[in-house]
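# Structural overview
Letter by letter, the chains look like this.
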Amino acid sequence: MAMNWQVFKTRALTAIVFVAVMLAGLLWNEWSFFVLFSVIHWGCWIEYQKLVKRIDPSYASISSFHKYGVILAGWAMMLYCAGDGYRIGNISLHAIGLVTGLVFAFALPIIEILFSKQFNLKHISYSAMGLLYISLSWALMMSIRSMDGLWISGKGSHFEMGQIVPLVIIFSIWINDTMAYITGSLIGRTPFSKVSPKKTIEGNIGGAVLCVAAMGALAYYMQLPVVHICIIAAIAAIVGTAGDLLESKLKRMADVKDSGRIMPGHGGFLDRFDSLLLATPVIWLYVMVAVK
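Residues numbered from 1 in each chain as written. Predicted model: local features only at pLDDT ≥ 70, side-chain atom pairs only at ≥ 80, totals over all residues. Heavy atoms only, no water.

### Thoughts on the overall build of the protein
The test is simple: A helix here means a DSSP run of H or I that spans at least four residues, while a strand means a run of E at least two residues long, and both kinds are numbered starting from the N terminus. Three exposure classes are used, based on accessible area relative to the maximum for each residue type with a 1.4 Å probe and protein chains only: buried under 20%, partly exposed in between, and exposed over 50%.
Each helix and strand in the protein was counted, giving nine helices and four strands. Shown N-terminal to C-terminal, the secondary structure of the protein runs as helices and strands in the order α-α-α-β-β-α-α-β-β-α-α-α-α. The 292 residues of the protein split such that 46% are buried.

Take a look at the structure:
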């Protein structure tokens with residue numbers, strides 16, 4: 001497909017603002033990181049619920065307690081995974097998340113049974129899938145960020161894992177997305193999937209290869225462990241592409257082009273973070289097994 005320079009310009013300008021906000025949240029301190037992903041969590045959930053309502057209009061009948069309670073329950077997962085390093089006075093977010101999560105675990109089904117106009121297991125399953133799809137991913141991202149005190153070492157250098165790994169994941173996905181778009185625009189000929197017709201096999205391969213190469217070169221320059229960084233980059237590229245396709249499938253089922261309109265040229269929260277949602281749990285597992 002031919003390069004659409006106007007689309008690319010809009011995406012690039014929006015991306016500059018997006019990157020600035022993301023970097024501020026990622027790098028300022030642990031609390032800016034928590035606030036950033038709390039906002040992303042809420043934005044993703046609101047868009048997810050809108051998509052589900054379009055896929056199954058009966059989901060619109062859920063109570064306000066169900067609608068917002070499940071989002072708060074998911075946020076409690078993030079609090080729980082934030083660890084003891086996040087504290088308000090003598091109380092840790094971990095403890096707050098545990099108590100809040102237990103309260104919602106008991107309250108949500110009871111309220112649903114007693115006060116809903118029509119108890120519907122299908123509605124509960126939609127919300128449960130949202131907890132796995134959205135809240136678990138961001139909770140595990142908080143778990144990775146809370147690994148301060150653990151070090152990832154290369155030749156003569158040491159970096160705190162909680163600060164480096166989230167950056168590696170996010171930069172890998174950004175590089176993969178950008179390189180896949182450029183490569184696909186320039187040499188892409190073979191459609192990759194009917195779910196996302198604009199994606200090409202050439203673009204996906206080019207994006208993944210260039211992503212791993214770029215992150216490997218950066219790791220070598222910064223004296224980070226090149227093998228681990230390249231594996232994380234490869235997971236981000238491959239699983240992230242699957243996450244993109246999953247969200248595209250949801251949008252197709254809902255018959256919408258974008259999940260939201262918060263970012264011109266990029267769509268909504270789910271459009272921007274779909275790759276990260278699926279890649280984060282897999283990378284968390286890799287870090288816990290092979291790196292930590």
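### With respect to the packing of aromatic side chains
Rules: The aromatic pairing rule takes the rings of Phe, Tyr and Trp, using the six-membered ring of Trp, and pairs them if the centres are within 6.5 Å, calling planes under 30 degrees apart stacked, those over 60 edge-to-face and the rest tilted.
Counting across every chain of the model gives 14 aromatic pairs. Their ring planes at 85 degrees and their centres at 6.0 Å tell us that W31 and F34 sit as a pair that is edge-to-face. With W31 and F34 both in helix α2 (residues 30-55) and three residues apart, this pair spans about one turn of that helix. You can call F34 buried: its relative accessible area is 8%.

### Considerations on the confidence of the model for the protein
What counts, and what does not: Along the chain, pLDDT gives the predictor's confidence residue by residue, from 0 to 100.
Summary statistics for the protein give a mean pLDDT of 86 and a share of 89% for residues scoring 70 or more. Within the protein, the element-level pLDDT minimum falls on strand β3 (residues 151-153), averaging 57, and the maximum on α2, averaging 95.

### Let's talk about a nonpolar patch on the surface
For clarity, the cut-off: Patch membership requires more than 30% relative accessible area and the absence of a salt bridge. Residues of like charge join within 9 Å; the nonpolar side chains Val, Leu, Ile, Met, Phe, Trp and Tyr join within 5 Å. Computed with a 1.4 Å probe, the accessible areas rest on the Shrake-Rupley method; for each residue, only the protein chains presented here act as cover. Salt bridge criterion: a side-chain nitrogen from Lys or Arg within 4 Å of a carboxyl oxygen from Asp or Glu.
Taken together, the side chains of Y80, L98, L102, F106, I110, I113 and L114 present a nonpolar region at the surface, about 740 Å² in accessible area. No other element matches the six residues that helix α4 (residues 93-115) contributes to the nonpolar patch. One can find L114 in helix α4.

### Some words on the nonpolar core
Quick note on the threshold: For the purposes of this section, nonpolar cores are sets of buried Ala, Val, Leu, Ile, Met, Phe, Trp, Tyr and Cys residues that join through side-chain atoms within 4.5 Å. Only heavy atoms enter the contact rule, under which two residues are in contact if any of them lie within 4.5 Å.
The biggest cluster of nonpolar side chains holds 64 residues, and the ones touching the most others in it are M22, F37, W138, I169, L276 and I283. Those elements that place two or more of their residues in this core are α1 (5-27), α2, α3 (64-81), α5 (121-145), α6 (161-187), α7 (201-222), α8 (226-254) and α9 (269-291). Not counting residues up to four positions away in its chain, the partners in contact with I169 are M141, I144, I232, A236, L276 and I283.

### Quick look at the packing of α2 against α9
Rules: Here an axis means a line fitted to C-alpha atoms, over the contact stretch when the element is a helix, while the angle between two N-to-C directions is reported on a 0 to 180 degree scale. Our angle categories are set so that under 35 degrees counts as roughly parallel, over 145 as roughly antiparallel, 65 to 115 as roughly perpendicular, and the remainder as oblique. Each helix crossing is assigned a hand: it is left-handed if the near helix lies turned anticlockwise from the far helix by less than a right angle, otherwise right-handed if that turn is clockwise.
Orientation of α2 relative to α9, taken along the N-to-C sense of each, is 110 degrees, at an axis distance of 9 Å. For the element pair α2 / α9, the angle class is roughly perpendicular. The two elements α2 and α9 cross, and the hand of that crossing is left-handed. Between α2, through F37, V39, I40, G43, C44, E47, Y48 and L51, and α9, the contact on the second element is made entirely by F269, L270, F273 and L276.

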